[in-house]
Amino acid sequence: MPSTAFYNEYNQLIAQINQWDHAYYVLDNPSVADAEYDLAFRQLLEIEAEHPDWVTAASPSQRVGAKASNKLPKIEHAVKMLSLANAFSLEETYSFFEKAAKDLDIAPEALVLFSEPKLDGLAISLHYDHGLLSYAATRGDGLVGEDVTHTIKTIKTIPLKLHSPPPPAQLEVRGEVFMPKAAFAKLNQLAVQNASKVFVNPRNAAAGTIKQMNPKLAATRGLQFIPYGLGAYQGAHEFSKHSEILAYLHQLGFRKNPHCYTFAGSFAEFSHNYQVMAEARDSLPMQIDGIVYKIDSLAQQNALGFIARSPKWAVARKFPAQNDTTQLLAVDFQVGRTGVLTPVARLEPIFVGGVTVSNATLHNMDEIERLGLCIGDSVEIQRAGDVIPKVVKVVSQGTLRTPIIMPDSCPVCAAPVERNDGQAAFRCTGGLTCAAQGAERIRHYAGRKFMNITNLGTKLIEVLYSKGSLHTIADIYTLKAEDIANLEGQGEKSAQNVLDSIAASKATKLGTFLGALGIHEVGEEGAKTIANYFKNLDAIKSASFDELMQVPDIGPVTATNVVNFFNDNKNVAIVDSILAAGVHWPHEEAKPPGQQPFAGQTWVLTGTLSTMPREQAKALLESLGAKVAGSVSKKTTCVVAGLEAGSKLAKAESLGVKVLDEEGFLAVVGQEVQ
Ligand code: IVH
C-alpha cells in the first residue's frame, strides 16, 4: 500500500466525501456547500486518473462503475427472501395478530408491535463482506434473484463501506429501493419532453432503472434505499428486537424509515396510526402503499416462523387501490410560472384512494397524442406518487368526441403561444407582462444569483404580487414603505430593510442584469457570456440573430429568444424604466470580437494568487474573451498555477498543457489590458 502524504490526502478526501454524502443523503442534513462538494469530487477524480492503482471499490467514484453484461447473472439467496401477507381492513389486521398471539400462547395485548411505512419500490438484498459492499441482488422468486450490483452502487443512500468499525464479517441487509416522488415527476417530465417512455408509477421506474444495464443512467435517477431487516449475519451483535436491528443499521450508515412506531399492549393505537398515515401519505416524499406491522420480539418471530412465502409475524395493511375510471369532460390550459402551457383534464368527479378527484394533469400535447385522447372519452386515472392525479389511458372512446387543441394565444395575457423546434412544451410569449409568469419572474430577478435583493424573498413577492403592488419587475422600484409595512407580519423596520436592499442592489453588472431578466434559455453563464461579448446593453438590444450567433457557446434557441425579447416593446419599456430607476453597472466600451484576444480559449485557475482573488482573475480572463473552466483537459489552453497548486497542475503537466505561474500570467494579461 502506498505510504506517501499524497496517498493519505487521497484517503482523507474519500472519508470527507463519504461523510458529506451520509449527512446529505441519509441524515437529510447537508453539511457542505454544493460548490465545495463538487470541487472535492473533481479532485478525487483527478487523483484517481493519475493513480488508477489506488482506486478501490469503496471510493465514491465507483458508484458508477463498469457496465454489466446485457443479461443479469442469477444469484441464489442464502436465506429465502419472503414476501408479506396482506390485510385490507382493520379486522383482518387484528385477526392476523390474534392468531399469532394464540400460536405463541399469550394474550394479544402482550404483543409489542412495530409499524413501518410499506415503501413502494422493489426488494433488494445487499451483501457486505467485512464491511465492504460485495454484491446486490433483487428478490426474484425469493430463492434466486438477479445481480444488480452495477446499478445499486450508484445509490447514495447505500454505503459502499459500512460506517461503524469493526464491521461484521458478513452482513446481508434487506430493504426497499424506491424512487422519491420528486425524482419520478422529474423523470417523466423529461421523458415527455424527449418523447421517450413514460413510467406508469415510481415502483416501475425504480425497477426499470435498477434492472437496466447502464449505471450512468441509474445514477441520474435519484433512487434511494431504506432497509427493513437482516438476512444472513455473522457479527458480534446480539439482537433481541427488530427495532434494535433497524437502529443498528442506521448506525452502519443506512437511512431510517420515517414514521415508525412501537405499540405495546394496544391494538386500538395501530388503527389510529393507520388513519394518520393514510392521511399523511400524500405529503410524504416517497410513495407508500400501506403500513407493515411486525412483532418486535425476535424470539417470538422465530417461534412463529412462516408459511409458504410470508412470515407469521408481520402483515401489510394495504391502502385502497388508487386507479379508477371516469369521463373526460373538458381540457383547460394552465400557464405555469415559466410560461409553459400545460393541458389539465377536467373530469367527472370520482372518489379514488381516499380523495375526490376532478382534475388530472395531461403533461403536454405529445402525451395527449400518445394517449389518443379526446374530450368525451372514458379514461383511467391514477393517483401515483404525484399529488396531482394523471390520466393513464383511454378505457373507451366517447360517443361524442371533441379533439383537444392547443390555443394559439395565452389564456391569461392573450400573447401568442409558440413552440420552439424540438421541444415538447408550448410557451406563452407574453414575457415580462404575462400575469401568470409575474411572481416567478420577479422572484428570479430578485434572487441571490441575480439582483440579489436580499430582503425581498419569495413569500413577500407572492403577497405583494397578489395585492397588486407588484406586476412586473419594474414595480420593485416604485414600491413604497407602506405597501410592505401594512402587510401581516411586516412593520416599518422590515419595510425599510426591503427598500434598503432594493437600493443597494441597484449597483450591478451587465451580465447579472441580463440574466435577471429571465429570458428563456439565457441562464447565469449565458447572460455573462453575452454581456462580456457586447459590453453594453444597447448593443445587446439591437443585436441581430446572426450577431448573437457569433458569441461563443450561444446557440440558435438562445439567440432567437434574445432577439424576440428585445423586439417586444413592452419588455423594452420595462427595462427602460428599471434603468431610469437607477439600476446601473460599470460602463465598458464594446470590444469587437477581433479585440477579444483570448476568444475561443479555455483557461483553468488553480492554487492561490497573491495579487488578486481568484474571482478577479476569472473576470479578467473572461473580459479578454476566455472561458474559465474548473478542470483540466486536453482542450485546456493554459493553466495558471498559483501557490500550493495541487492536482490540476499535476494533470496539466501530465497532459502537456501550457502552465503559467502568477508572474507569467500577469505579464500575458498585462499586455492585453493596457
Ligand atoms: S418486511 C419477511 N417491511 O413489501 C418480511 N417489507 O409485499 C419482509 N416492503 O417484499 C418484508 N416496505 O419489498 C417489509 N417496511 C417494510 C417494507 C416492505 C416495503 C416490501 C418488500 C416486500 C414486499 C411484500
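Anyway, here's the lowdown on the structure attached to this text. What you see is a predicted model; the values in this text were computed from it and never measured.

### Concerning the site of the ligand
- Looking at the ligand, there are 15 residues lining it, with Glu 116, Lys 118, Leu 119, Glu 176 and Lys 294 nearest.
- One of the backbone N or O atoms of Pro 117 is found 3.3 Å from a nitrogen atom in the ligand.
- When the ligand sits alone it has 530 Å² of accessible area, and the protein chains cover 89% of it.
- Of all the cavities here, the one that holds the ligand is the largest pocket.
- Those elements that place two or more of their residues in the shell around the ligand are β3 (112-119) and β10 (288-295).
- In terms of residues, the shell around the ligand owes the most to one element, β3, which gives four residues.

### A short note on the sheet that holds strand β23 (residues 638-641)
- The sheet built from four strands is open, its strands ordered β22-β21-β23-β24 with parallel pairing. Each end of this open sheet is capped by a strand with a single partner; those strands are β22 (627-629) and β24 (658-660). With direction set aside, neighbouring strand axes in the sheet form an average angle of 30°.
- Pairing geometry for β23 and β24, over three bridges, is parallel. Across the sheet, Cys 638 pairs through a bridge with Lys 658, a residue of β24.
- Across the face of the sheet, helix α22 (residues 614-623) comes into contact with β21 (602-606) and β22 while running at roughly 170° to β21.
- Across the sheet, helix α23 (residues 647-655) is in contact with β21, β23 and β24; its angle to β21 comes to roughly 140°.

### A word on the nonpolar core
- Counting 53 residues, the largest nonpolar core has Tyr 445, Phe 513 and Phe 566 as the members making the most contacts within it.
- Not counting residues within four places of it along the chain, the set of residues in contact with Phe 513 comprises Tyr 445, Met 451, Thr 508, Leu 537, Val 575, Ile 578, Leu 579, Val 583 and Trp 585.
- Tyr 128, Ile 245, Leu 246 and Leu 249 belong to the second largest nonpolar core, which has 35 residues in total.

### Focus: the packing of helix α3 (residues 90-104) against helix α9 (residues 267-280)
- Close contact between α3 and α9 brings their axes to 11 Å; oriented N to C, the two are set at 140°. Compared by their axis directions, α3 and α9 come out oblique. Here α3 runs over α9; the crossing is right-handed. Here Leu 90, Thr 93, Tyr 94, Phe 97 and Glu 98 of α3 lie close against α9, whose contacting residues are Phe 267, Ala 268, Phe 270 and Ser 271.
- Residues of the contact of α3 with α9, tallied by class, amount to six nonpolar, two polar and one charged.

### Considering unusual backbone geometry
- Cis peptide bonds are those with omega within 30 degrees of zero, and the linkage from Pro 165 to Pro 166 qualifies with -10°.
- Relative to the assigned elements, Pro 166 resides in the loop between α4 (149-152) and β7 (170-178).
- The phi dihedral of His 259 falls on the positive side, at around 65°, and the residue is not glycine.
- By the element assignment, His 259 lies in the loop between α8 (242-251) and β9 (261-264).
- Residue His 259 is classed as partly exposed on the basis of its relative accessible area of 33%.
- In this model, Asn 452 sits at a positive phi of 50°, which is unusual for a non-glycine residue.
- Mapped onto the elements of the fold, Asn 452 is located in the loop between α12 (435-446) and α13 (458-467).

Parameters and conventions
- Residues numbered from 1 in each chain as written.
- Predicted model: local features only at pLDDT ≥ 70, side-chain atom pairs only at ≥ 80, totals over all residues.
- Heavy atoms only, no water.
- Near = heavy atom within 4 Å.
- Polar contact = N/O pair within 3.5 Å; in protein donor to acceptor, adjacent residues only side chain to side chain.
- Areas by Shrake-Rupley, 256 points an atom, 1.4 Å probe, with all protein chains shown as cover.
- 1 Å grid on protein atoms, 1.4 Å probe; cavity = no way out; pocket = protein on both sides within 12 Å on 5 of 7 lines; lining within 4 Å.
- Sits in = over half its atoms within 2 Å of the grid points.
- Helix = DSSP H or I, 4+ residues; strand = E, 2+ residues; numbered from the N terminus.
- Pairing = 2+ DSSP bridges.
- Axes fitted to C-alpha atoms, helices over the stretch in contact; angles between N-to-C directions.
- Contact = heavy atoms within 4.5 Å.
- Core = buried A, V, L, I, M, F, W, Y, C linked by side-chain atoms within 4.5 Å.
- Buried < 20%, exposed > 50% of the residue type's maximum accessible area, 1.4 Å probe, protein only.
- Parallel < 35°, antiparallel > 145°, perpendicular 65-115°, else oblique.
- Left-handed = near helix turned anticlockwise from the far one by under 90°.
- Nonpolar A, V, L, I, M, F, W, Y, C, P; charged D, E, K, R; others polar.

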